[in-house]
Amino acid sequence: MSEAAKKEPMAPRAVRHSFTLTDNETGDSYELPILHGNIGPRVIDIRKLYAEAGIFTYDPGFTSTAACTSDITYIDGDAGVLLHRGYPIEELAENSDYMDVCYLLLHGDLPSPEEKSEFDENITQRTMLHEQLVRFYSGFKRSAHPMAIMVGVVGALSAFYHDSTDINDPMQRMNAANRLIAKMPTIAAYAYKYSLGQPFPYPDNKLDYASNLLRMLFSVPTEEYEVNPVIARALDKILILHADHEQNASTSTVRLAGSSGANPFACIAAGIASLWGPSHGGANEAVLNMLEEIGTKENIPQFVKRAQDPNDSFRLMGFGHRVYKNYDPRAKVMQKTCHEVLNELGTSDPLLDIAMELERLALEDSYFIDKKLYPNVDFYSGITLRAIGFPDNMFTSLFAIGRTVGWIAHWKEMMSSAESKIGRPRQLYKGEVARQFTAVANREHTSRKISWAWLWGGQSNNER
Ligand code: ACO
């Protein structure tokens with residue numbers, strides 16, 4: 001266990017167990033309870049604040065807001081620590097396999113040998129897709145982004161598995177969890193095969209999770225496909241590294257969607273949509289684009305400078321994190337895995353040299369030091385995945401496969417918590433107040449009006 005992870009659980013530091021809020025305008029004071037987790041910062045309980053004081057709190061982006069209690073994952077962003085159910089990510093990546101980690105996240109403990117083989121079987125028995133669902137693919141354009149297909153097909157699972165959409169039945173919840181974990185590689189692999197115009201291979205249940213994914217992605221019916229065990233192990237590690245990350249944007253999206261009672265397949269489709277963005281799961285694709293744009297080591301200083309210019313929208317992709325103000329522990333494992341994959345394949349990638357030099361220069365630069373911007377998991381994952389043979393637009397889909405267990409573990413936890421209620425944030429309203437209605441003939445042109453051509457990006461109706 002790393003030194004940082006061995007840190008004692010934070011003892012309740014404060015003598016006071018409440019927080020006093022004073023309204024300077026009215027002079028009223030409110031006592032708010034302070035809650036203590038087993039580790040991590042204290043939390044002010046503001047649940048009754050609005051009812052008692054008529055005050056909301058303002059926290060766009062939830063930088064200081066705990067939206068739920070959770071037993072699954074803990075991150076200490078300052079120390080660069082990530083624990084799943086108490087186990088450091090480095091140890092899980094080194095000693096465990098993805099099925100082990102899935103079981104751990106879903107059930108709270110590492111499985112015994114019997115539990116492990118039962119779980120493995122539960123997953124492998126569900127890897128096939130309904131043939132009607134496979135037909136959905138032909139409705140997409142061949143050029144569709146795999147994440148677009150995944151959002152659609154995963155959402156459509158709700159139409160196929162009525163026996164696992166009763167969210168109040170724990171057995172059905174477990175069935176839905178197993179189905180999603182089992183089918184996600186098949187769904188993603190078919191999105192890739194569809195783009196190539198190649199036949200969809202059936203899953204091979206003799207293979208482990210990562211090997212089966214490799215085979216479904218890269219095999220063709222005309223040739224033997226041998227899974228390289230070193231690459232399969234590397235892919236398994238990558239899935240472990242992406243398995244869960246506490247209340248990130250996509251997991252919070254799954255929780256918010258699920259809080260209304262939506263079925264698990266619809267909730268995970270919402271999570272996939274959220275993951276797709278370049279500030280989240282789309283970053284590894286963006287890192288490769290950036291490294292290609294940099295092109296040579298000589299150009300790096302100019303890009304490091306651009307990233308610091310407030311008038312330039314350019315950012316170093318794969319750098320910075322909302323929670324980590326230290327090296328992302330997953331990035332270290334990913335860097336090692338990247339070297340292992342390139343060594344095994346006997347290839348070199350000039351982008352790796354650019355990435356390592358970029359990392360070195362950025363970590364020496366006062367801008368990145370002062371803002372505590374370090375490489376995140378996406379910095380080396382793109383190079384690794386490309387070396388394995390993944391096309392760039394499949395990177396985020398692979399992230400979605402790995403993260404499915406995290407999403408579903410959080411959804412399950414929320415569904416079985418007595419504290420859960422529909423997620424409904426409030427707002428600080430800055431709009432117009434109480435205007436008088438004007439009949440259309442009497443309205444004046446305002447500068448805020450938007451032209452339809454602008455709204456549709458200059459496209460005609462036919463092209464939309
Ligand atoms: N390059 C240059 N400057 C950066 C970067 C970066 N990659 N990241 C943050 N900064 C700067 C911001 O400009 C800001 O500066 P300011 O205080 O002078 O305005 C400061 O650091 C804080 O940045 P925020 O955007 O406010 O931090 P936030 O926590 O909201 O954003 C995020 C985190 C989105 C990850 C951001 O660091 C980023 O855009 N990184 C690049 C994209 C990326 O790699 N995303 C992957 C995230 S990991 C994952 O999803 C698995």
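Below you will find a few notes about this structure. (Residues numbered from 1 in each chain as written. Predicted model: local features only at pLDDT ≥ 70, side-chain atom pairs only at ≥ 80, totals over all residues. Heavy atoms only, no water.)

1. So, helix α9 (residues 229–241)
The end-to-end C-alpha distance of α9, which contains 13 residues, comes to 18 Å, matching closely the 18 Å that a straight helix rising 1.5 Å per residue would cover. Counted residue by residue, α9 has ten buried out of 13 residues, so it is predominantly covered. For α9, the full list of buried residues reads I231, A232, A234, L235, D236, K237, I238, L239, I240 and L241. Check the buried side of α9 and you find it contacts α2 (89–95), α3 (98–107), α8 (209–218), α14 (329–345), α17 (378–388) and α18 (395–415). Between the side-chain oxygen of the N-cap and the backbone nitrogen of V230 there are 2.9 Å, and the N-cap of α9 in question is N228. (Helix = DSSP H or I, 4+ residues; strand = E, 2+ residues; numbered from the N terminus. Expected span 1.5 Å × (residues − 1). Buried < 20%, exposed > 50% of the residue type's maximum accessible area, 1.4 Å probe, protein only. Contact = heavy atoms within 4.5 Å. Polar contact = N/O pair within 3.5 Å; in protein donor to acceptor, adjacent residues only side chain to side chain.)

2. Concerning the sheet that holds strand β4 (residues 73–76)
As summarised here, the arrangement of the three strands in space is β4-β5-β6, forming an open sheet in which the pairing is antiparallel. A single partner strand is all that each edge strand has here, and the edge strands are β4 and β6 (87–88). (Pairing = 2+ DSSP bridges.)

3. Comments concerning the pattern of salt bridges
Evaluation of the coordinates by the stated rule reveals 19 salt bridges. Put simply, R47 and E419 hold a salt bridge, and the shortest N to O gap is 3.5 Å. One end of the pair, R47, is in the loop between β3 (43–44) and α1 (49–53); the other, E419, is in the loop between α18 and α19 (452–455), and 372 residues separate them in sequence. For R47, a relative accessible area of 60% puts it in the exposed group. Judged by relative accessible area, which is 49%, E419 ranks as partly exposed. Between K237 and E94 there is a salt bridge, with the nearest N and O atoms lying 3.9 Å from each other. (Salt bridge = Lys/Arg side-chain N within 4 Å of Asp/Glu carboxyl O.)

4. What to know about the packing of aromatic side chains
Under the counting rule described, the total for this entry stands at 15 aromatic pairs. Judged by centre distance (6.1 Å) and plane angle (70°), the rings of Y137 and Y190 are edge-to-face. With Y137 in the loop between α5 (131–136) and α6 (146–156) and Y190 in helix α7 (residues 170–196), the pair connects residues that are 53 residues apart, well separated along the chain. Judged by its relative accessible area of 1%, Y137 is buried. You can call Y190 buried: its relative accessible area is 3%. Cluster of aromatic residues (ring-pair linked, three or more members): F319, Y367, F368, F379 and Y380. For R142, the ring lying beneath its charged end belongs to Y194, and the centroid distance is 4.1 Å. (Phe/Tyr/Trp six-rings, centres within 6.5 Å; stacked < 30°, edge-to-face > 60°. Lys NZ or Arg CZ within 6 Å of the ring centre and 35° of its normal.)

5. Examining unusual backbone geometry
The phi angle of most residues is negative, glycine excepted, and most peptide bonds adopt the trans form. Despite not being glycine, R85 shows a phi value in the positive range, around 50°. Among the structural elements, R85 can be located in the loop between β5 (81–84) and β6. When its relative accessible area of 22% is taken as the criterion, R85 is described as partly exposed. The phi dihedral of K372 is positive, around 55°, even though this residue is not glycine. Turning to its location among the elements, K372 is positioned in the loop between α16 (366–370) and α17. Overall, K372 belongs to the partly exposed group, its relative accessible area being 41%.

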